[in-house]
Structures are given as structure tokens and as C-alpha cells.
Amino acid sequence: MNKQSTVSEFIKFSTAQLQEKGIPSARLDAEILLACAMGIKRQEILTNPSSLLNPDEVKAFQQLLSQRADREPVAYILGLKEFWSMEFQVDRRVLVPRPETEILVKAVLDHAKKGKVAALDLGTGSGIIPIVLAKELECVEFVAVDYSQEALHLAKENAKAHGVDGEIEFLEGDLFEPLVDGMKPRFDFIISNPPYIPTRDIQVLEPDVRQYEPMAALDGGEDGLVIIRQIITGSPAYLKPEGSLCLEIGIGQSNVVEELIRKTGKFGKIQIIKDYAGIERVIMAQGLG
């Protein structure tokens with residue numbers, strides 16, 4: 001490649017380079033990073049393939065491409081990730097938001113009644129769940145908890161950027177630990193996208209995930225259910241009568257998690273919801289009232 005290469009030539013070369021690194025989304029990533037380096041939208045890349053890059057754009061693109069070749073996630077490179085058609089700041093303090101979590105958000109929206117909704121998000125990370133719900137619901141009282149002070153700083157920045165920081169109370173601590181007695185039972189929903197990957201499976205994750213994303217937000221213990229058990233056990237004390245527990249879960253975990261919920265004797269109707277790939281991804285359990 002040289003300084004006179006066109007956009008299409010840069011894409012072709014960089015796609016091949018990323019493919020050699022085993023990146024399945026090589027072309028898409030190359031287009032996104034090139035658009036970033038040029039300060040334009042990806043669509044403009046596609047509609048102007050003969051355009052030339054200036055020296056600063058070439059240098060910027062080479063740096064971005066080098067980061068991706070090292071398997072750094074595109075979201076971390078850009079510092080942004082789209083979720084629910086909204087842009088969120090992300091970096092290595094938090095997990096990269098994934099489409100599957102939109103299923104969790106939609107499940108809550110589908111069951112939320114009109115009027116004031118009180119909800120608790122455990123392990124809020126970048127804050128995407130409470131922020132989206134605060135934007136979508138007219139009257140919401142949200143508490144978002146995370147053990148990571150750094151993650152909470154980022155979540156607060158995202159909440160402010162989307163104009164809902166006044167509707168969400170962010171608390172630092174482990175699951176229910178920071179909740180005071182006056183907070184129970186008060187929630188219509190307890191929501192969580194917890195760590196649910198079994199420890200033994202961490203080593204086979206893609207390098208993008210294994211090397212860059214916060215391990216504590218991924219590792220669910222020996223069977224992947226350590227945190228999920230704690231949430232199931234603790235939730236009834238903080239839910240209103242007929243309030244709902246909503247959890248994102250891993251592949252093949254639905255039956256076990258459903259049984260854990262039933263064993264508490266505190267929940268009635270249980271619904272399991274599949275994701276876009278047909279995987280049972282979200283479980284919603286309603287209190288007996």
C-alpha cells in the first residue's frame with residue numbers, strides 16, 4: 001500500500017491482513033476503522049471507493065488497524081458501541097454490549113405496567129440496561145449496582161450523556177450488599193446480565209474477549225451459575241409482590257436456572273425467552289404475590 005492508494009484498495013489490503021489474524025468480521029471491521037480514521041460515516045466509504053486518503057488519515061488508519069490486528073475489540077478502539085439504536089461509551093472497564101442483552105431489555109419493557117416502575121440492575125457495567133429503560137419508560141425509579149467503581153464512573157457518564165442521570169441511583173458494592181433495609185421490598189423488576197460463563201470455558205473464548213474484556217464480568221464460576229444462584233436467593237427480599245426477576249443466561253443453562261428459581265418457592269410463572277439465534281437466553285420469573 002502507498003499514500004496514493006484508494007479507499008477500496010485500503011479496504012482490500014486491510015481485510016486480508018485481519019483475516020490472517022483469524023478475525024471473522026475482517027471486512028466490516030476494516031470499513032468501520034477506515035471510516036473512523038477519515039472522520040466520516042461507513043456509508044461514505046462504500047459510496048466513494050475511489051477516494052484517496054491524506055497522510056494523516058493513512059497514519060490514523062494504520063494505528064487503528066494495528067490495534068484490531070492485536071485482537072482489541074472494535075468497540076474499545078472506537079470507545080463507542082451501539083445498543084438499542086443508542087451510542088454508549090465503552091472501554092476495558094466494562095463488557096462490550098451485545099445484541100443478546102437487547103432481549104433482556106425487551107422482556108422488561110413488554111412486562112412493565114403503566115405508571116411508576118421501580119427497578120434494580122445488578123452488575124450494571126456500562127449502564128446500558130437502566131439507561132435504555134429510563135429512556136423508554138415514562139416514569140422510572142432505577143437503582144444500578146456494580147462492584148467496580150471504575151465501571152460506575154463510566155455508567156454515570158453514559159447516563160448523563162443520554163439525559164437520564166437524575167433517574168438512576170448508582171451504588172457501589174457486590175449485588176445486594178449496598179442496598180439498605182429501607183429498599184425492601186420495593187422493586188417491580190430485578191434485572192441482571194450476570195457473569196455466566198463456566199470457568200473452564202474462559203480459555204476457549206475468542207482472544208478479543210479473553211484478552212481485553214473484564215474477566216470478573218464473564219467468569220460465572222465452576223458451572224457458570226455462582227452469581228446467578230446468589231441473585232435468585234437474594235431477589236425475593238427486594239421484590240414487590242408479583243415483581244419479576246429477569247436474568248440473561250448462558251447456552252444450555254435455562255433448565256437448571258428454572259429449577260433453581262422454583263426451589264425458592266417464591267416465584268410462580270416462569271417464562272424463557274429465546275434470542276435471535278434461537279438460544280434460550282432470558283428467564284423471567286414472577287413473584288407469587
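No experiment lies behind these values; they were computed from the predicted model shown. (Residues numbered from 1 in each chain as written. Predicted model: local features only at pLDDT ≥ 70, side-chain atom pairs only at ≥ 80, totals over all residues. Heavy atoms only, no water.)

Asks: Explanation requested: the layout of surface pockets in the structure shown.
Replies: Over the atoms rolls a probe the size of a water molecule, and in doing so it shows where empty space is left. The computed volume of the second largest pocket comes to approximately 950 Å³. I32, V74, A75, L78 and K81 are, among the 32 residues lining the second largest pocket, the residues nearest its centre. Those elements that place two or more of their residues in the lining of the second largest pocket are α2 (26–38), α5 (74–78), β1 (80–83) and α9 (207–212). Looking at the lining of the second largest pocket element by element, the count peaks at 5 residues for α2. (1 Å grid on protein atoms, 1.4 Å probe; cavity = no way out; pocket = protein on both sides within 12 Å on 5 of 7 lines; lining within 4 Å. Points joined across faces, edges and corners; volume = space filled by probe spheres on them. Helix = DSSP H or I, 4+ residues; strand = E, 2+ residues; numbered from the N terminus.)

Asks: What am I meant to see in the side chain of D208 here?
Replies: Tracing the backbone through its elements, the reader meets D208 in helix α9. Within polar-contact distance, the side chain of D208 engages the side chain of R68 at 2.7 Å. Reaching out from D208, the side chain makes a polar contact with the side chain of R71 at a distance of 2.7 Å. In this structure, D208 is in contact with R68, R71, P73 and E213, ignoring residues within four places of it in sequence. (Polar contact = N/O pair within 3.5 Å; in protein donor to acceptor, adjacent residues only side chain to side chain. Contact = heavy atoms within 4.5 Å.)

Asks: I tried to follow the sheet that holds strand β3 (residues 117–122) on my own but got confused; where do I start?
Replies: Read from one edge of the open sheet, 7 strands run β5-β4-β3-β6-β7-β9-β8, paired in mixed fashion. Of all strands in the sheet, those bounded by a partner on one side alone are β5 (168–172) and β8 (267–274). With direction set aside, neighbouring strand axes in the sheet form an average angle of 15°. Here helix α6 (residues 100–111) sits on the sheet and contacts β6 (187–192), β7 (239–248), β8 and β9 (280–287); the angle it forms with β9, its principal contact strand, is near 25°. Where helix α11 (residues 254–264) meets the sheet, it contacts β7, β8 and β9, and its direction lies at approximately 165° from that of β8. (Pairing = 2+ DSSP bridges. Axes fitted to C-alpha atoms, helices over the stretch in contact; angles between N-to-C directions.)

Asks: Please clarify how the packing of helix α1 (residues 7–20) against helix α4 (residues 55–69) should be interpreted in this entry.
Replies: Packed helices, taken two at a time, are described by their axes: the angle between them and the distance between them. Contact geometry for α1 and α4: axes closest at 10 Å, N-to-C directions at 20°. By the angle between their axes, α1 is roughly parallel relative to α4. Judged by the sense of rotation from one axis to the other, the crossing of α1 with α4 is right-handed. Contact residues: F10, S14, Q17 and L18 in α1; V58, F61, L65, R68 and A69 in α4. (Parallel < 35°, antiparallel > 145°, perpendicular 65-115°, else oblique. Left-handed = near helix turned anticlockwise from the far one by under 90°.)

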